[in-house]
Each structure stands twice: as structure tokens, then as C-alpha cells.
There are 4 protein chains.
Amino acid sequence: MRTEMPFRHRAHEVSRIEAFSDIVFGFALTLIVVSLEVPKTYHELIEAMRGFPAFALCFAILLWIWHAHYTFYRRYALHDEFTLVINSLLLFVVLFYVYPLKFIFSGMFDRHGYTPANARVIFTIYGLGFVAIFLLYTLLYHHAYRKRAELDLNAVEEHDTLTHVMMFGANVGIGLASVAIAQLAPAEWLGFAGFIYFMIGVCAGTIGSIRGGKRRKVEADMVSESTASMSTQTIQPT
Amino acid sequence: MRTEMPFRHRAHEVSRIEAFSDIVFGFALTLIVVSLEVPKTYHELIEAMRGFPAFALCFAILLWIWHAHYTFYRRYALHDEFTLVINSLLLFVVLFYVYPLKFIFSGMFDRHGYTPANARVIFTIYGLGFVAIFLLYTLLYHHAYRKRAELDLNAVEEHDTLTHVMMFGANVGIGLASVAIAQLAPAEWLGFAGFIYFMIGVCAGTIGSIRGGKRRKVEADMVSESTASMSTQTIQPT
Amino acid sequence: MRTEMPFRHRAHEVSRIEAFSDIVFGFALTLIVVSLEVPKTYHELIEAMRGFPAFALCFAILLWIWHAHYTFYRRYALHDEFTLVINSLLLFVVLFYVYPLKFIFSGMFDRHGYTPANARVIFTIYGLGFVAIFLLYTLLYHHAYRKRAELDLNAVEEHDTLTHVMMFGANVGIGLASVAIAQLAPAEWLGFAGFIYFMIGVCAGTIGSIRGGKRRKVEADMVSESTASMSTQTIQPT
Amino acid sequence: MRTEMPFRHRAHEVSRIEAFSDIVFGFALTLIVVSLEVPKTYHELIEAMRGFPAFALCFAILLWIWHAHYTFYRRYALHDEFTLVINSLLLFVVLFYVYPLKFIFSGMFDRHGYTPANARVIFTIYGLGFVAIFLLYTLLYHHAYRKRAELDLNAVEEHDTLTHVMMFGANVGIGLASVAIAQLAPAEWLGFAGFIYFMIGVCAGTIGSIRGGKRRKVEADMVSESTASMSTQTIQPT
């Protein structure tokens, strides 16, 4: 009972949708990190190196988004029209947000001081992108949940799929809250539009601990049930 | 009879041609959306965000083209010299049209007002690209149709392949009509060179409904035939 | 005997080396066609469209090089250290030559008039790249020929491998001749450094017809031999 | 005993992690070689060609790093969370270092003369990147070593994995030594921060020869052992 029952992988080789998405993700990652002009002087090189923390953060965010994609296709291997459309929208949002992301985080570390009016717009832009990404993932995982019979998810996998729907849904809520603060809060409270993103960790932790406890129960039930059905089978074989 | 008989996939893993094409498509998609310069000021960021509708439309067009490619290789898995050559031409046209597409649609949303003379040229350029793409797809699907025996297409698959030839052929016709209007119509009628593209939906709908009805008949025939042959087989086994 | 005996494919799925090479080739293709700046005015768009013949030619050359790569890995599926090193050199030359290629062919169609001195250098640069590419392919196919026992090539496949070595070797010779003319010929004969590339078609045709005749003989021998061995087997089964 | 016992490949097809990494590596390679502006004049072309030695060296370094990646995934096919994180960090460092690498090596061949103060910083930047890359590889191979039971490594494979840990660890040491020299040495000794990288060859040679001798012993033991166990099996079959 110590090692968790794993989620079975339904994908066995990389599909064309995954490969195609990875090209777009790979592109986005590269454009996040690589500036388009080779430094020509020593000064420009040092300047480029100072982008390190902003690049690292954007890179981590993008890889986080990629990882949810990776997990989804590996587990469910869904290639129907619905996932194709959602995936297309996802790729569009990822590409559309590459440079805003880079701009916003570079600005954050540069401390080049946004005016409150600018900050409102920037938090709104970032927030909408964040909402779009996680809304699309919520839809994707919810779609997998609806198809649970067809995908032959067991009780634990069904539970895990719902947990993902909740976690991504919580992120959508956090993004919406940030946008609301950015639009409505007085200037001195504006910082909360940023600080609220720390709630991601809090939400993930809370959902993780509640759902984690329930998962162990589901797993125990599943094991005892399969043992029961096995002993039944021993008695009355078909 | 409610759920349609599906088209069988002859491809089982991603071929090198598909992977190679996807790199080119992925590149084209990225270049459509990502401007090549990172916004450096708040003003530039807002400017970049305003490209949203144009980018979204170009992205959708490109994904539509990609989807026809995806379907073709998944269904027929043809890798002969003919498809290789057509595919190469397709990739060339896609790459060649990335920036004109972006330019044309950005202009459309900016309303920076083309003069009638410019509009003629722009409609012609766009129209020729459109014709080239769909002519190549018409050729590809027609090639699959010619190879129907070798590919072992069943009656329904043969029917669907012809439906694709018709739909793509109709698009070629629409593109040619747009070019003709752009070249010959008086200035006040020039808008029709653009409006005619709404015919894509009309044509697809019409062809879809006519051919869809016939498909159900083909499918019914196929099912009853196979039932008949099965009962025959029961009587006189070979 | 009408349809040729095909060369068997030893590769069954895309290897990592092939996928990696395709990313580099895909990049090169894209950079050939896509100019790095989106046209911003109508005039720039028209200017970009005029690059069509040069881009088409460069694109064709690059796809020709890609096709030799595609064929090599598909047929021999060799992934030893030697092919890895040659392949790396090949990718380097391809990337290094992307922009010179684009420059040279754009210049050719623009007729912006090279001086004879410039022309010497440009023919030399192009020629050396051409020699490098086809020397590397000659080495690759020759390597496959040396490994013919290990690869279990049949008589026809052995013959075809040698034919490739000859054809690529002839291209090396043509490239060297062009460089020699570019360096040594008097200015009025300089054009021959370019015209000599038409010899590619002549050589390929000549080698193809001579070797093609021989291939039919090899094939006939192979068929009769296998028939003979089969009838022997009928008499003395092991 | 002449041909070495090979390391068995646990990977049978390209995983999504490998494909994704290759997109990033392919991007990095391309950006190393291709300058972002097409030469527009004859003079610019010649200028671009002069980058040859610097590009070739950077290309070789990047391919060396890629090759360690290729070997790792081919041999161990590890896709757990730990390798995923290390791999992500690796991709980040590779992308982050593309342009500094290009800048540093272009400068080296241009002899545009760094001041001692600049040289200190440049050697430090390069050294830290070098340390980061090889530290990550040391961790990856050490991780494979820890998982040797799970991966079912035989004695020779276990030996080879440790050899890799040593070689990459030695590179980490060399990088750290270079950084130390760059930071602490008097100006006239600064060159050693560069020359020390020649130690890579010396270390690799030394480790290779010592470990190579031991490998032959391990191999011999393994062979004799398996022969022994086979004869035992003949006597007492289970």
C-alpha cells in the first residue's frame, strides 16, 4: 500500500498530434530563451546574461504547461475531433503568449516600474492567457472523464482524472480573480493581482491532500474488490 | 446505422514524410503568430496584442490545411514518388505564403485601406496561393482514388475519397473565380473577390449533404452484401 | 520482369538520427523560403513575392539533398559511429550553406551583376559546398557498400548501392571542375563554371542508362539462381 | 574477446522526451550556424563565410552534448520524474548558452582582443555553462547507476555507467578549475583558464585506458561466470 497504484499509459508511441504540438512547444521554449540578436559586443553579452531569472521563470511556466500536455496524451491517448480542436486552441494561446510572457517577466526583474494603469493592463493580459490555458486543460481532462467508460478507466484512474479537473479548474478561478483585481481594485491593492498566483501552490496542496486521502481509500476498495471477485471466481468459475 | 462506418487508418506510426512536413507546418504556424521582435515597451506589447484576430484567422487557415494533410496520410499512408513530389510542392507553397497571409489579414483588420489597384494584386496573390494548395490536395486525393484497388478501399472509403476530391476541387474553382474577379471586375465590384470565399462553406455544405445521403446508401449496400456473402459462405464454404 | 525488383527497406520506424536531421533540414528549408521580416507595406510584399524563382530553386536543391538522406536511412538503417559523424558533417554543411545559397540564387535572378572577381569567389563558394555535400553522400553510400555482407544486400541491392556511389562521385567531380574553372579560367570563360552544372543531368542520365541495363541482367541472374536453388531444394531438402 | 561486448539498448523507439529535446537541440544547432540576417551584399556574404571555424567548433561542442543525451536515452530509456527535471534543466542551459557560445568563439577567431577584465568574465560565463551541462549529465548517469537493479544492468553495463559518471565528473572539475583561474589568477596567467580545457582529452584518455582495462576483466568474469552457471544448470536443472 506504500507505493501508489500508477495511472496506466494508454499511448504506446508518439502520435502525430503530440509530435506536432512538440514542435510548437519547442519553438515557444526557444523563443523564450534565445533573444533574436546575437550579442555583438561584450556589453550586449552581459546584458543578455542578465535575462537569466526572467528566462528561467518563463521556461519553467512553459514546461509546466507542456507537462500537462505530455501527461494527458500519455494517459488517455485521445485523438478525437474535440481534443484536436482544444489542442489547436492551446497551441495558438501558447504561441500568442510567448512574447508577452517574456516581456512581462523581463519587466518584473528589471524593475523598470510600470505605472498603475499599465500594471492593470499587464495583469489582465497575463491573467487572460493563464485562464485560457487552464480552461482548455480543464476541458481536456473533463472530456477524458466523460469518456471514462470508453477509455476503460479503473476507479483510481477515474479519481485521478477528476483531481486534475479540480486542480486546473482552481487555476482558472485564480486567473479570473487576478483579472478582477487588476480591473477593479484601487491602485494600492493592485499588487494582489500578482500575489494571488501564490494561491496556485496553496490550492494544489489542499486539493492534493484531500484527494490523496480519498485516493488511498478508492485504491483499497479496488484491491479488496478485485480480491473478492477473484475468490468468487475460485468458487464459481465460468 | 446511427454511427457512421469509419474510414480505416492505414498508417500505424508517424512516417518520416509526415514528421518532416510537420516541422515545416510547425514553423509556418509559429511564424504566423510570433512576431520576430520581442516587444520592448509597453506600447509595443499592446500593439502586438492587437494582432489577435488576424493571427487567429491565419492560424485557423493553416491548421485547416494541416488537417487535410493529417487525414490524407493517416488514411492512405501513401509514400510513393508522386505523393512525395506533391507534398514537396505543398510545403513550398505553405512556406512561401506564410508572410503574405499574415500581411493580408493584418491589413484586413487594420483597415489601412488598400487602393483598388493594390486590392486587385492582393486578391490575386491570395487566390493563386489558395488555388495552388487545394489543387495539390485535389491531386493527392485523386491519386489515392486511382490507387483504390491497391489500397484495398472498401465501397464507403472509395465514396469518401471521391467526396474529398469534389470538395477540394470546388475550392480550386472558388479560388480561380476570385482571381478572375480581382483581375477583370470593375473597381466597385472588387469586394466580391473576397466575399466569394464564403462560398467555401456553401459548397462544402451542399456537397456534404448530397454525398452524405449517398454514403448511407453505399454503407447499407455494403452491409447487406457482406451479410449475403456470409450466408452464402455458410452454405458453400470454399 | 517489367516492374523492377525494389530495394528492400531496412528501416521500419523513424530513428532519432533521422528525426534530428529532419529538424535541421526543416529549419534550413524554412529559412530558404521565409524572409525574416514580415512585409510591412504593399511594396515590400510585392518585393518578397519576386523572390519566387530563386526560392523555388533553392528549395528544390535542398529537397534533393534531403531525398538522398531519406533514401539512405530508409534502405540501410545504418546508425554506427561512422554514419553518425558523416551525418553531423552533412548537417553542418547544410546549415552553413543556407544563406549563401539564398544569396547566390537571389543574385542570379536579380541580375544585379557580379563583377568577374566576385563571380570567381561566388562560384568557388557554391562549388565547395556542392563538393562537400556529395562527397559526404559518396562516403555514406560507399560505407553501406562496404557493409554489404552485414546488411545482407542481395545482388540487385549491391548493384544499386554502387550506382549511387558513382552518381554522387560524378557530382563531386562536376563541383571540382566548376571550382577549377572559377579559379583558373579567363574572365570570358567564367560562365562555364555555372553551365557545367548542367552536366549533372547528363551524367545521371548516362550512368542511369548504363547501370540500368546491367541491373536488369543482375536481376535476371538472381531470379534464375533462386529458381535453380529452389529446384535443388526440392530434390535434396535439409 | 576482440570485439567488445556492447551496451544493450533499452529504448526501442524514439520517446516523446527525446523528440522534444531534439527540437530544442536542432534549434540551438541552427541558431549557432545560421546568422539571422541573410547577407544582402557580396561583402556581407564573405563576412558570413569567415565565421566558418567558430561555427564549426560551436557546432561540434553542441553535437558532443547532444550525443551524450542520445546515448543516455538509448541505453537506459529512463523517463521518471527525476530525469524529466534534469532534462528540462539541460535544455534550458543549452538554449541559454547558444548565443554566448557563438559570441565567445567568434571573438576567439576574430582576435578582437578582450581586455583582461572582460576575459575573466567571459571565461567565467563559459565555465559555469560547461559545469552546469556536465554536472547535469553526471547526475543523469549517476541516476542510471542507482537504478542499475531496476534497469537490469549486467556487470559490464554497470561498469560502463560508472565510467561515464567519472568522465562527466572530471569535466565538471575542469570547468570549476577554469572558473577559479578566471576569478583568481593574475592577468598573465589568465590564458590557463582556456588551456585547461585541453585537459578534457587527457582526462578522457586516462580514464578510458584505466577503465577499459578493467572492463575487459569484468567482461571476462561475466563470460566465465555465465559459462559456469550454464554447466551448473546442465547438472542441476530447476
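Everything that follows concerns the structure shown earlier in this document.
Predicted model, so just to flag it, every value in this text is computed and none were measured.

Conventions and cut-offs
- Residues numbered from 1 in each chain as written.
- Chains lettered and ligands numbered in written order.
- Predicted model: local features only at pLDDT ≥ 70, side-chain atom pairs only at ≥ 80, totals over all residues.
- Heavy atoms only, no water.
- Helix = DSSP H or I, 4+ residues; strand = E, 2+ residues; numbered from the N terminus.
- Contact = heavy atoms within 4.5 Å.
- Least-squares fit on C-alpha atoms with pLDDT ≥ 70 in both.
- 1 Å grid on protein atoms, 1.4 Å probe; cavity = no way out; pocket = protein on both sides within 12 Å on 5 of 7 lines; lining within 4 Å.
- Points joined across faces, edges and corners; volume = space filled by probe spheres on them.
- Salt bridge = Lys/Arg side-chain N within 4 Å of Asp/Glu carboxyl O.
- Buried < 20%, exposed > 50% of the residue type's maximum accessible area, 1.4 Å probe, protein only.
- Buried area = accessible area lost by both parts, 1.4 Å probe.
- Polar contact = N/O pair within 3.5 Å; in protein donor to acceptor, adjacent residues only side chain to side chain.
- Nonpolar A, V, L, I, M, F, W, Y, C, P; charged D, E, K, R; others polar.

A.B. asks: Help me understand the overall build of chain A, please; the structure alone is not making it clear to me.
C.D. replies: On a plain count of helices and strands, chain A comes out with eight helices and zero strands. Listing every helix and strand of chain A by position from the N terminus yields α-α-α-α-α-α-α-α. Taken over the C-alpha atoms alone, chain A extends approximately 80 × 40 × 35 Å along its principal axes. For chain A, contacts bridging at least 24 residues in sequence account for 82% of all contacts bridging at least 6.

A.B. asks: Looking at this structure, I do not really get the relation of the copies chain B and chain C. What am I missing?
C.D. replies: Both copies of the chain are tied together by a single rotation about an axis and a shift running along it. It takes a turn of 90 degrees to lay chain B on chain C, together with a shift of 0.0 Å along the axis; the resulting RMSD is 0.0 Å. Considering both components of the superposition, the chain copies are consistent with a four-fold axis. Among all residues of chain B, the one whose C-alpha sits closest to the rotation axis is isoleucine 23 of chain B, at a distance of 4.6 Å. Comparing contact sets, just 17% of the residues at the interface of chain B also lie at the interface in chain C, consistent with a heterologous contact between different surfaces.

A.B. asks: Looking at this structure, I do not really get empty space enclosed by the protein. What am I missing?
C.D. replies: In total, this model carries 10 cavities of 30 Å³ or more according to the counting rule given. The calculated volume of the largest cavity comes to roughly 450 Å³. Lining the largest cavity are 21 residues, with Val14 and Ala19 of chain A, Val14 of chain B together with Val14 and Ala19 of chain D sitting closest to its centre. Looking at the lining of the largest cavity, the elements that each hand over two or more residues are α1 (16–33) of chain A, α1 (16–33) of chain B, α1 (16–33) of chain C together with α1 (16–33) of chain D.

A.B. asks: Explain the arrangement of the chains to me, please; I cannot follow it from the model alone.
C.D. replies: At no point do chain A and chain C touch; the closest pair of C-alpha atoms across them sits 9 Å apart. A minimum C-alpha distance of 9 Å separates chain B and chain D, which share no contact.

A.B. asks: Any chance you could explain the pattern of salt bridges here in plain terms?
C.D. replies: Pairing between side chains becomes possible if they bear opposite charge and their charged atoms approach one another. For the structure shown, the criterion picks out 36 salt bridges over all chains. Residues lysine 147 of chain B and aspartate 80 of chain B are paired through a salt bridge, measuring 3.1 Å at the closest nitrogen-oxygen approach. Residue lysine 147 of chain B is found in the loop between α5 (116–146) and α6 (148–151), and its partner aspartate 80 of chain B is found in the loop between α3 (52–76) and α4 (81–110); the two are separated by 67 residues along the sequence. For the residue pair lysine 147 of chain B and aspartate 80 of chain B, the accessibility class agrees, reading buried in each case. For arginine 8 of chain D, the salt bridge is made with glutamate 157 of chain D, and the minimal N-O distance between the two is 2.8 Å. Of this pair, arginine 8 of chain D sits in the segment before α1 while glutamate 157 of chain D sits in helix α7 (residues 155–184), placing them 149 residues apart in sequence. Residue arginine 8 of chain D is classed as partly exposed on the basis of its relative accessible area of 38%. In this structure glutamate 157 of chain D comes out as buried when scored by relative accessible area, which is 0%. Connected through shared salt-bridge partners, Arg16 of chain A together with Glu18 and Asp22 of chain B make up one network.

A.B. asks: Sorry if this is basic, but what is going on with the environment of arginine 74 of chain D here?
C.D. replies: Following the sequence through the fold, arginine 74 of chain D ends up in helix α3 (residues 52–76). On the basis of relative accessibility, which here comes to 25%, the residue arginine 74 of chain D falls in the partly exposed class. Taking the C-alpha atoms as reference points, arginine 74 of chain D and glutamate 219 of chain D, 145 residues apart in sequence, are found 21 Å from one another. Arginine 74 of chain D has contacts with His79 of chain C together with His9, Arg10, Ala11 and Glu18 of chain D, leaving out every residue within four places of it along the chain.

A.B. asks: It is not clear to me how the interface of chain B and chain C should be interpreted in this structure. Could you clarify?
C.D. replies: Frequently, the measure chosen for interface size is the accessible area that the parts lose on association. Taken together, the 29 residues of chain B in the interface contact 36 residues of chain C. Counting the surface lost from both chain B and chain C, the interface buries some 3000 Å², and carbon and sulfur atoms represent 78% of this. When residues of chain B are sorted by the area they lose upon contact with chain C, Arg16, Phe20 and Phe92 of chain B head the list and together hold 28% of the total. For the pair chain B and chain C, the number of links is two salt bridges. One salt bridge connects aspartate 22 of chain C with arginine 16 of chain B, and the closest N-O pair in it is separated by 2.7 Å. Scanning the region where chain B abuts chain C turns up three residue pairs in polar contact (both at pLDDT 80 or more). Put simply, the parts of the chain that give the side of chain B that touches chain C at least two residues each are α1, α4 and α5 of chain B. Top element by residues in the side of chain B that touches chain C is α4 of chain B. It accounts for 12 residues. Classifying every residue of the side of chain B that touches chain C by side-chain character gives 21 nonpolar, four polar and four charged.

A.B. asks: Before we go on, may I ask you to explain the relation of the copies chain D and chain A in this structure?
C.D. replies: Least-squares fitting of chain D to chain A yields an RMSD of 0.0 Å, with the transformation described by 0.0 Å of translation along the axis and a rotation of 90 degrees. With a heterologous cut-off of 20% or less, the 17% of interface residues of chain D that recur at the interface of chain A puts this contact in the heterologous class.

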